[in-house]
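Observations on chain architecture
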Amino acid sequence: MDDQEAIRQMKNGKISGLENLVNKYQIKALRAAFLVTHDEALAEDVVQDTFIRFYQRVKHFDENRSVEPYLMRSMVNAALNAVHRDRKMISLDRDLAQFEGLLTQATSVESQVEFKQLSEKILASLSQLTPRQRAVIVQRYYLEMSEAEMAQALDIAPGTVKWLLHAARNRLRDIFGAERSKK
Amino acid sequence: MKHSHRTVLDNVAQQHIPDSINLLPQIIQKLERKPLKQSLRTRPALVFLLLLLALSILSGVAYAVGRSLGYIPGVGVIEQDSPIRVLTEPVSLERDGIVLTITDAVLSSDKTTILYALENVPWKLLSHQEGEQVCYESPFLYLPDGEMLFLTGGGGNLQKARLEYPPIPSDLDQITFMLPCIMDTLPGAAPENWSLGLHFKPAPPDMTVVPVVEIVSSTDTPTETGNENGTEPKTSEVPFAITTALSVDDQTILLGTNLQQDTWLQNFHLIDANGEEIYAIPPQIEGLPSYHWGFQFQSNQAYPLTISFEGISTTRISDSKAELEFDVGENPQPGQEWVLNQPLEIGERTIMLKSIQVDSRGGYEFNFDGDPDVTGISVQISGYTALGGGGGGAYGFGYFSASKAYETLPTGQLNIVFSNLEISTLENWKVQWASENPLPAEESISTPEPEACLTLDKWTQLKAQDEPLAFNLSGNIVALVNEGEPLPSLYLSNPDGSDAQKIATGAWPSLSHDGQYLAYRGDDGIYVINLASEEYIPLGIDGYGMIWSPDDTRMMFISASDLYVVNADGSGLQQINTEPTQLTSSIGWLDNQTIVYGIMSIDGFNLQKQNLQSGETTDLFKIDNKAGYGSVSPDGQWIVFADRISAGVNWGIFISHLDGSDRKLIAEPRVPTAFISIWSPDSRWLVVNTLATGDSETPILVNPFTCETARLGFYGMVGAWGW
């Protein structure tokens, strides 16, 4: 069943359409939500609620649109809201250098042990970023969204995305430059 | 081995989110719960408000023409058939620092209205989590003979509410107000079983009671009804009726009811005899009779008026029938699907049976396609009795389904009977309405106010103008424009709207006095933009109502009802102590150390100023608008605010000095205005944000000292103006 058919089924009140979408996208959504929230239980709540809200409002969804970007956008916003509910005041740590270095290092490690050690450090480094910065990183490097898509997804001006990625860009230019230039 | 960035992050997350995880059971379980029931159980505050709403709809009795009605601001519409009584004096009770006050009561022949206020309820005593057991028992009245009167209507919130009860016998001058517990508090956390003795006396002769005239209506129904294509006008019964028409001050209020539960009314329009759309708003006064829909508009119109609603009406064609023979085999399996694309002629329509599928609940699902007007159908399998079924579709989509569940799944050759085709139609109903006895203007008893700079006539003229701005204005403005997204777009432009550029999505824009920085509330907190470098700086703080200090080094703002001052870079966050600790509003700065703000009181907002160094607080004056909005002019000499004119229904825009002197009406109450008006950086001009039909705002430029006016050349709400 393709996504369009799943949407049609959901619009007809059939749960099978939702089952199809959940089975297809839940792991990706959960991992992205976890990277933003750093909390497995919170990530599960966020993704459950995202699918439920989508099902309840599906009649307003234009079935000609792609489902995945919409779901991931909703999920990232829900994850951000969930984190903000827990922490009203957000500390501002804009130093992305540690995270960028580790991420870069991890792209070329051979050993599983080394990779696992780096993974833990990456996670710890991610936790030093603000939830909003984490959301931008997740959208850019995990969900592989374009800058315009990210701006739309976060309901912010493209300039804000630019700012949020600015520091990372400066430091990652040499490493990622060749790859970005392909896009 | 070379990993992509996505792979790296996926592996990082995989250690916490394994591939084996499956959320489907929890999602299905949550969906099968009844969300409304759950939310009611877990949100007692909502229960209270819904109860009030339900009571207001159910308990009303149609008003009969000929009764003597009056409107008491803050209390509502009451009957004046018998002498009105009021509370002898406000009564208060303090327990553990929490103060319960009955500020007033009005006893009329049709109801008892109690105005109550609750102050200083500590935040920690209230529930802040879903699902907690909390108090939600409503206050009631206890009469000397033991009779208890329970809530029949009203409105308000935890801090301030208007409560309606049945009438109290005229020979009874003393009762007890009982509050079992404070709504939303945790069990045992706050004092319970409050009781206050109330004493009543005849209303003073000078009490403000605005005459309310019940209008004898004449309706011509139906004048027109047709489907969305404008063809084949139908004579289906108009699904709404006007139940009450009132004239209060210079306003007419129309209240009505829906006659057909299955018809959802939407897209209301009110058109005058010349075909012009009339600006109508929801009723703005309290204590109205019950209604499903209601509108308030200026009485001075070209009658008759045409009221129109759109709605989707649904009918079932009972004699429609079609049959299909189909063999599902002897052992159909859950999930098995047969794609048929079989046309069915039924009810003079052709629909397509797309597929039949065995569902997971021991039944079949039938999926249809083809006709956007068809939204449902009944299905039976001959010889089998279904345990239940479901299905349906939404109007306009063309897809719908029907399902049947059986104790034993039917197998083999099936005779499937389709019937009762459900047809939905988008219709537009129109009714003409005329007032036969509009209240003459001279009978209005509102306190006369001096001529405003912006009168209704002036506003009407300005709205129609499309001329370049004649005044030479400096600086930049920021306008909020609704572009269909959850948050408005913020556009920076010249004051006439030229050279506009979208700079952010958010609300509560505030330009620094030098025009270099813009603060606004984004989707997750306050941001500051350096407009020169286009640097976006999230302050990491949630709040709204930001206002820059004169030297642009600090901002005041509101967060969770409390007032704060913070440095422009987000550091040095300082909560401002205000007394009493009620909802606050930010108004402005007099100098770099003195802020002006509003504190919610029983009947409006009290404006105060406070010196940030000494903490010295000075009362200024009181305004009566719902949110306490106001704005201090950049030179610190004036304040602009929305305020209710005595006994009036609407609010006007005023300016005055900080002590309330030299008060001047800028926009008369008949002009529909937003609460927020914006000063020019030189303190010479005001932008009054006016509201046009269709939720678009029309900003009007007003010189409050010379009364020169002009329309700014764009739609949107001006939220900031700086150099």
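Small disclaimer: the values here were computed from a predicted structure and weren't measured. (Residues numbered from 1 in each chain as written. Chains lettered and ligands numbered in written order. Predicted model: local features only at pLDDT ≥ 70, side-chain atom pairs only at ≥ 80, totals over all residues. Heavy atoms only, no water.)

**A few points about the state of the cysteines**
All names here are of chain B. We apply this condition: Cysteine sulfur atoms that pair up within 2.5 Å are treated as a disulfide. A run of H or I in DSSP counts as a helix once it spans at least four residues, and a run of E counts as a strand once it spans at least two, with each numbered from the N terminus. Summary of the burial criterion: residues with accessible area below 20% of their type's maximum are buried, those above 50% are exposed, and those between are partly exposed, where the area comes from a 1.4 Å probe applied to protein chains only.
Taken as a whole and assessed by the stated rule, the structure comprises 1 disulfide over all chains. One disulfide bridge connects Cys 453 with Cys 707, the sulfur atoms lying 1.9 Å from each other. On the sign convention where negative means left-handed, the S-S torsion of about -65 degrees between Cys 453 and Cys 707 marks this disulfide as left-handed. Of this pair, Cys 453 sits in the loop between β26 (413-435) and α5 (456-464) while Cys 707 sits in the loop between β48 (697-702) and β49 (709-711), and the two are 254 residues apart along the sequence. Judged by its relative accessible area of 29%, Cys 707 is partly exposed.

**Regarding the pattern of salt bridges**
All names here are of chain B. The condition is simple: We count a salt bridge whenever a side-chain nitrogen from Lys or Arg sits within 4 Å of a carboxyl oxygen from Asp or Glu.
Scanning the entire structure with this criterion turns up 12 salt bridges over all chains. In this structure, Glu 422 engages Arg 316 in a salt bridge whose closest nitrogen and oxygen atoms are separated by 3.3 Å. Linking Glu 422 in strand β26 with Arg 316 in strand β19 (residues 305-327), this pair joins segments that are 106 residues apart in sequence. According to the relative accessible area criterion, Glu 422 is buried, its value standing at 16%. On the basis of relative accessibility, which here comes to 44%, the residue Arg 316 falls in the partly exposed class. Among the charged side chains, a salt-bridge network with shared partners connects Lys 111, Arg 162 and Glu 164.

**So, the nonpolar core**
Put simply, the rule reads: What makes a nonpolar core is a set of buried Ala, Val, Leu, Ile, Met, Phe, Trp, Tyr and Cys residues whose side-chain atoms join them at distances within 4.5 Å.
Leu 21, Leu 35, Phe 51, Phe 54 and Met 75 of chain A are the most contacted members of the largest nonpolar core, which totals 60 residues. Examining the composition of this core, we find that 13 residues originate from one element, helix α2 (residues 15-37) of chain A, more than from any other.

**Structural notes on the side chain of Glu 164 of chain B**
Residues and elements named next belong to chain B. Keep this limit in mind: Polar contact criterion, stated in full: a pair of N or O atoms within 3.5 Å, where within protein one must be able to donate a hydrogen and the other to accept it, and residues adjacent in sequence count only if both atoms are side-chain atoms. Residue contacts are counted whenever heavy atoms from the two residues lie within 4.5 Å of one another.
Here Glu 164 shows up in strand β10 (residues 160-165). One polar contact links Glu 164 to Arg 162, side chain to side chain, over a distance of 2.5 Å. What Glu 164 contacts, discounting residues up to four positions off in sequence, is Lys 111, Thr 112, Thr 113, Phe 150, Leu 151, Thr 152, Gly 153, Gly 154 and Gly 287.

**Concerning the packing of aromatic side chains**
Residue and element names in this part refer to chain B. Going by this rule: Working definition: rings of Phe, Tyr and Trp (its six-membered ring) pair if their centres are within 6.5 Å, and the pair is stacked with planes under 30 degrees apart, edge-to-face with planes over 60 apart, and tilted otherwise. Charges are assigned to positions over rings by a cutoff of 6 Å between ring centre and Lys NZ or Arg CZ, combined with an angular limit of 35 degrees from the ring normal.
For the structure shown, the criterion picks out 19 aromatic pairs over all chains. Measuring from centroid to centroid gives 6.2 Å for Phe 366 and Phe 418, while their planes differ by 85 degrees, and the two rings are edge-to-face. Of the two residues, Phe 366 is situated in strand β22 (residues 363-369) and Phe 418 in strand β26; the sequence distance between them amounts to 52 residues. Owing to a relative accessible area of 0%, Phe 418 belongs among the buried residues under this scheme. Every member of this aromatic cluster is reached through a ring pair, and the members are Tyr 364, Phe 366, Phe 368, Phe 400 and Phe 418. Positioned above the aromatic ring of Trp 194, the side-chain terminus of Arg 95 is 4.8 Å from the ring centre. In this structure, Lys 463 packs its charged tip against the face of Trp 459, placed 4.1 Å from the ring centre.

**Some details on α2 of chain A**
All names here are of chain A. Selection criterion: An expected span of 1.5 Å times one less than the residue number is assigned to each helix. Note that bend, as reported per residue, equals the angle between axes fitted to the 7 residues terminating at that residue and the 7 residues originating from it.
Compared with an ideal rise of 1.5 Å per residue, which puts 23 residues at 33 Å, α2 spans 28 Å between its outermost C-alpha atoms and falls more than 12% short. Maximum bend of α2: about 55 degrees, positioned at Tyr 25. Within α2, 17 of the 23 residues are buried, which leaves it mostly tucked inside the rest of the structure. His 38 sits one or two positions beyond α2 and adopts a positive phi of about 60 degrees.

**A word on the sheet that holds strand β44 (residues 651-657) of chain B**
Residue and element names in this part refer to chain B. As a reminder of what qualifies: Two strands qualify as a pair provided DSSP detects at least 2 bridges between them. Fitted lines through C-alpha atoms serve as axes, helices being fitted only where they are in contact, and the angles separating the N-to-C directions of these axes extend from 0 to 180 degrees.
Strand order in this open sheet of 4 strands is β42-β43-β44-β45, and the pairing throughout is antiparallel. Here the strands that pair on one side only, and so sit at the sheet edges, are β42 (630-632) and β45 (664-667). Sheet twist, expressed as the average angle between the axes of neighbouring strands with direction ignored, equals 30 degrees. As paired elements, β42 and strand β43 (residues 638-644) share 3 bridges and run antiparallel to each other. Paired with Ser 631 across the strands is Val 640, a residue of β43.

**Remarks on the sheet that holds strand β27 (residues 476-481) of chain B**
Either a parallel or an antiparallel arrangement is found when strands of a sheet pair, and the pairing is made through backbone hydrogen bonds. All names here are of chain B. If you trace the 4 strands from one edge of the open sheet to the other, you get β29-β28-β27-β50, paired in antiparallel fashion. If you trace the sheet from one side to the other, it starts and ends with β29 (501-505) and β50 (717-722), each paired once. Taken pair by pair, the neighbouring strands of this sheet meet at an average axis angle of 25 degrees, ignoring direction. Both β27 and strand β28 (residues 489-493) contribute to a ladder of 5 bridges, which runs antiparallel. Within β28, the position partnered with Ala 479 by the bridge is Tyr 491.

**Side note on the packing of α2 of chain A against helix α1 (residues 5-14) of chain B**
What counts here: Relative orientations are named as follows: roughly parallel for angles under 35 degrees, roughly antiparallel for angles over 145 degrees, roughly perpendicular for angles from 65 to 115 degrees, and oblique for any other angle. Residues were grouped as follows: Ala, Val, Leu, Ile, Met, Phe, Trp, Tyr, Cys and Pro as nonpolar; Asp, Glu, Lys and Arg as charged; and all remaining residues, including Gly, as polar.
At their nearest, the axes of α2 of chain A and α1 of chain B sit 9 Å apart, and the two run at 85 degrees to each other. In terms of axis orientation, α2 of chain A runs roughly perpendicular to α1 of chain B. In contact with Lys 28, Arg 31, Phe 34 and Leu 35 of chain A of α2 of chain A, α1 of chain B contributes Arg 6, Leu 9, Asp 10, Val 12, Ala 13 and Gln 14 of chain B. Its residues assigned to classes, the contact of α2 of chain A with α1 of chain B comprises 5 nonpolar, 1 polar and 4 charged.

**Things to note about the environment of Glu 535 of chain B**
By the element assignment, Glu 535 of chain B lies in strand β33 (residues 535-538). Placed 18 residues apart in sequence, Glu 535 of chain B and Tyr 517 of chain B show a C-alpha to C-alpha distance of 9.7 Å.

**A closer look at a nonpolar patch on the surface**
Threshold: Excluding any residue in a salt bridge, patches collect residues exceeding 30% relative accessible area, merging like charges within 9 Å and nonpolar Val, Leu, Ile, Met, Phe, Trp and Tyr side chains within 5 Å. Per-residue accessibility takes into account occlusion by the displayed protein chains alone, with areas from the Shrake-Rupley method and a 1.4 Å probe.
Judged by side-chain polarity, Tyr 142, Met 148 and Phe 150 of chain B come together as a nonpolar surface patch covering roughly 300 Å² of accessible area. Along the polypeptide, Tyr 142 of chain B turns up in strand β7 (residues 140-142).

**Here we look at the confidence of the model for chain B**
Residues and elements named next belong to chain B. This is how it is decided: The quantity called pLDDT is the predictor's confidence in a given residue, expressed from 0 to 100.
Here chain B shows a mean pLDDT of 79. Residues at 70 or above account for 81%. A low-confidence stretch, residues 438-448 stays under pLDDT 50, and its non-local contacts, those more than four residues away or across chains, total 13 contacts. Both confidence scores are given for the complex: pTM 0.46, ipTM 0.77.

**Some words on unusual backbone geometry**
Residues and elements named next belong to chain B. Going from Tyr 303 to Pro 304, the amide bond is cis rather than trans, its omega being 0 degrees. By secondary structure assignment, the location of Pro 304 is in the loop between β18 (293-298) and β19. Backbone geometry at Asn 120 places phi at a positive 65 degrees, although glycine is not the residue there. The topology assignment puts Asn 120 in the loop between β6 (112-119) and β7.

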